Amino acid sequence: MKSRFLPCSHRTISAMALLASLVMLGGCFGDDENWNGKDISGLMPELAFELTGTSGETVTASQTDGNIRLLFFGFTSCPDICPATLQKLSRAVTNLPEALRTDTQIVFVSVDPQRDTPERIDSYVSFFSDRAIGLTGEEPALRELSKRYRTTFGYDEPDAEGNYNVSHSGAVYVFDREGKARLLIRPELSVEEIRTDLVALAEES
Amino acid sequence: MSALDYLVPYDFSPLTIVSFVLVLAFYGYGLVRMPAEDRPGSGRILVIVVGVMLCYGVMQTRFDYYSQYMFFVHRGQHLILHHLGPILIALSNPLPVMRFLYSLIAPGVRRALIPLGWVYRFLQHPAIASFLFVGLIYFWLWPPIHFDAMLSRDLYWVMNWSMLLDGMLFWWLIFDPRSPVTSDALGYGKRILLLAVVAIPQMILGAYIVFARGMVYDVYEVCGRAWPMPPETDQLLGGLLTWIPPAMMSILGILIILRRAMREDGKVSPYNEKLKASHS
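Residues numbered from 1 in each chain as written. Chains lettered and ligands numbered in written order. Predicted model: local features only at pLDDT ≥ 70, side-chain atom pairs only at ≥ 80, totals over all residues. Heavy atoms only, no water.

Peer 1: Describe the overall build of chain A, with residues and values.
Peer 2: Along chain A, the regular secondary structure elements total six helices and ten strands. Contacts spanning at least 24 positions in sequence make up 71% of the contacts within chain A whose residues lie at least 6 apart. Of the roughly 10,100 Å² that chain A leaves accessible, carbon and sulfur atoms contribute 52%. (Helix = DSSP H or I, 4+ residues; strand = E, 2+ residues; numbered from the N terminus. Contact = heavy atoms within 4.5 Å. Areas by Shrake-Rupley, 256 points an atom, 1.4 Å probe, with all protein chains shown as cover.)

Peer 1: For the sheet that holds strand S4 (residues 68–74) of chain A, give the residues involved together with the corresponding values.
Peer 2: Neighbouring strands of a sheet are bound in pairs by backbone hydrogen bonds; such pairs are parallel or else antiparallel. Residues and elements named next belong to chain A. With respect to topology, six strands assemble into an open sheet ordered S1-S10-S9-S4-S5-S6, the strand pairing being mixed. Strands at the two margins of the open sheet, each flanked by one partner only, are strand S1 (38–39) and strand S6 (132–135). Note that S4 and strand S9 (residues 172–175) share four bridges and pair antiparallel. Within S9, the position partnered with Arg69 by the bridge is Phe175. In the packing of helix H2 (residues 81–94) onto the sheet, contacts are made with S4, strand S5 (104–110) and S9, and the angle to S4 comes to roughly 165°. (Pairing = 2+ DSSP bridges. Axes fitted to C-alpha atoms, helices over the stretch in contact; angles between N-to-C directions.)

Peer 1: Let's hear about the packing of aromatic side chains: which residues, and what values?
Peer 2: Here the distance between the centres and the angle between the planes together describe a pair of aromatic rings. Residue and element names in this part refer to chain A. Taken as a whole and assessed by the stated rule, the structure comprises 26 aromatic pairs over all chains. Between Tyr149 and Tyr173, the ring centres sit 5.8 Å apart and the planes meet at 55°, which makes this aromatic pair tilted. Placement of Tyr149 in the loop between helix H5 (139–148) and strand S7 (154–155) and of Tyr173 in strand S9 is noted, with a sequence separation of 24 residues between them. With relative accessibility at 0%, the residue Tyr149 sits in the buried group. (Phe/Tyr/Trp six-rings, centres within 6.5 Å; stacked < 30°, edge-to-face > 60°. Buried < 20%, exposed > 50% of the residue type's maximum accessible area, 1.4 Å probe, protein only.)

Peer 1: Which residues make up the side chain of Asp39(A), and what are the values?
Peer 2: Residue and element names in this part refer to chain A. Position of Asp39 among the secondary structure elements: in strand S1. For the buried residue Asp39, which engages in no salt bridge, the nearest side chain bearing the opposite charge is Arg182, 5.1 Å off. Only 2.7 Å separates the side chain of Asp39 from the side chain of Ser41, close enough to count as a polar contact. (Lys, Arg positive; Asp, Glu negative; His and termini not counted. Salt bridge = Lys/Arg side-chain N within 4 Å of Asp/Glu carboxyl O. Polar contact = N/O pair within 3.5 Å; in protein donor to acceptor, adjacent residues only side chain to side chain.)

Peer 1: Describe the environment of Phe73(A), listing the residues and the values that go with them.
Peer 2: All names here are of chain A. Locating Phe73 in the fold gives a position in strand S4. When the C-alpha positions of Phe73 and Ile121 are compared, they lie 12 Å apart, and in sequence the two are 48 residues distant. Not counting the four nearest positions on each side in its chain, Phe73 is found in contact with Val109, Val111, Leu145, Ser146, Thr151, His168, Ser169 and Tyr173.

Peer 1: Explain the nonpolar core to me, and be specific about the residues and the numbers.
Peer 2: In this structure, Leu71(A), Val109(A), Tyr173(A), Phe170(B) and Trp171(B) are the most contacted members of the largest nonpolar core, which totals 99 residues. Once residues within four sequence positions are removed from consideration, Trp171(B) is found in contact with His82(B), His83(B), Pro86(B), Ile87(B), Ala90(B), Phe133(B), Leu195(B) and Met249(B). With 19 residues, the next largest nonpolar core counts Phe20(B), Cys55(B), Ile89(B) and Trp157(B) among its residues. (Core = buried A, V, L, I, M, F, W, Y, C linked by side-chain atoms within 4.5 Å.)

Peer 1: Talk me through the UniProt feature "transmembrane region" (unreviewed entry) in chain B; I want residue IDs and the actual numbers.
Peer 2: All names here are of chain B. Following the UniProt record, one finds the feature "transmembrane region" (unreviewed entry) at residues 12–29, 41–59, 79–102, 122–143, 155–173, 193–216 and 236–258. A helix fraction of 79% and a strand fraction of 0% characterise residues 193–216, whose end C-alpha atoms lie 31 Å from each other. End-to-end, the C-alpha atoms of residues 236–258 are 33 Å apart, and along that stretch the chain is 100% helix and 0% strand. (UniProt positions renumbered as here; feature names shortened; annotations may be inferred.)

Peer 1: Before we move on, can you summarise the pairing of S4(A) with the specific residues and values?
Peer 2: Residue and element names in this part refer to chain A. Counting buried positions over the seven residues of S4 gives seven, a clear majority of the element. Burial of S4 is two-sided: the residues Ile68, Leu70, Phe72 and Gly74 facing one way and the residues Arg69, Leu71 and Phe73 facing the other way are all buried. The pairing of S4 with S5 spans seven bridges and is parallel. Within the sheet, the bridge partner assigned to Leu71 lies in S5 and is Val107.

Peer 1: For the pattern of salt bridges, give the residues involved together with the corresponding values.
Peer 2: Residues and elements named next belong to chain A. Considering all chains together, one arrives at 19 salt bridges over all chains under this definition. Taking the shortest distance from any N to any O, the salt bridge between Asp103 and Arg177 comes out at 2.7 Å. Taken together, the residues span a long stretch of sequence, with Asp103 in the loop between helix H3 (98–101) and S5 and Arg177 in the loop between S9 and strand S10 (181–185) at a distance of 74 residues. Take Asp103: its relative accessible area is 26%, and that puts it in the partly exposed class. Among the residues examined, Arg177 registers a relative accessible area of 18% and is labelled buried. In this structure, the salt-bridge partner of Arg195 is Glu192, at a minimum N-O distance of 2.8 Å. Remark: Glu192 and Arg195 occur in helix H6 (residues 191–204); sequence separation between them is three residues, near one turn of the helix. For Arg195, a relative accessible area of 13% corresponds to the buried category. Linked by salt bridges that have partners in common, Glu98, Arg101 and Asp130 make up one network.

The structure is reproduced here in structure tokens:
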């Protein structure tokens, strides 16, 4: 290897490369230790959707503006993740101070419009919380929304009784009052941790 | 889904499409215009087109959808972007076409391109090139970074493009068609050494993923899989794809370089007077 174009020694270059990579790595650590959830500020676009509500009406994201929104994808026949998550969110929201509680909204989006009629979603979400709304839509609209938040869903082959499993996101996307994506709540977070995050988020805006 | 649905991009990226079209258009233009004696044969043309189209295919078809929501498909995508595609492109030896295209550039523009040459030579320093090659794999597979990259559309594109560009740089350094005896291309011994050096960390990382007890990459769990598949299976397959094919490609690369070195043995001697003068 000729060193014509390389005035610095191998060692200097290696040191520079190492330093550069450390700086790059350093830039990746934000101040997300303040949150129990994963800070997704700037990683995802603001909340936008146009779906069908539980009375068959069209619901857009802007109609829910001013609230802190907890977006969750699921389906009502879900055996484990959906009831567990909704239960957890509902408990986190229920014990919030009253003013804050009425400013927080759980948005449950069913990705199984085949089986989940608006009535079925209505009885499902109202069982968990009065701060929850249920939405669904045609598959293309649901695909678009899930793509926007880098998630997806898929259907298993139906069994003899026509039951099938649906793969979907296990996370809850938290949007602030302006609709900015702020936090991603992983399934393993506790009720207390979620509540702490919600309070912190509400206090800053 | 119809066949057409599988061919259209999942995440349409104009920049990506324009880049691929430009690469093929410049290559095609060079082929047609260049002197017939330098023109690569149809086999080499086929190899480069397959290499380029493989990279395009994993970035701008339905394959990209599965790569975003299945860890093992994502590993397959990077295997093509960082290994197979660039290997085919480098092995097709597009150098005569590139030389011809370069000869068409006006001298003023060529002078403006000189700093680009410096950057290129810096990146192609064997230590930097191997550090970047392995470093990028580790960087994007570092769990918190991987999580962000799969959540952010912009980061995702930066990740895929950085893998493709780095793959091209590294494999071009390895399969540089020029002989190290008559040019300043990297020596065959060093090329073999680099291939062995980059294989080891990839094998370690792959084995780590394969044997990990818990979930290393939970973003696929969090964001939903393309179809319901046990997470352990997905992670196991992804780990195997990180471990075995790259190791095999390093060995194949070593064999190709060895074959070239053996062919050149005794054919060109650096100790003739003319070369001696140019080497001192």
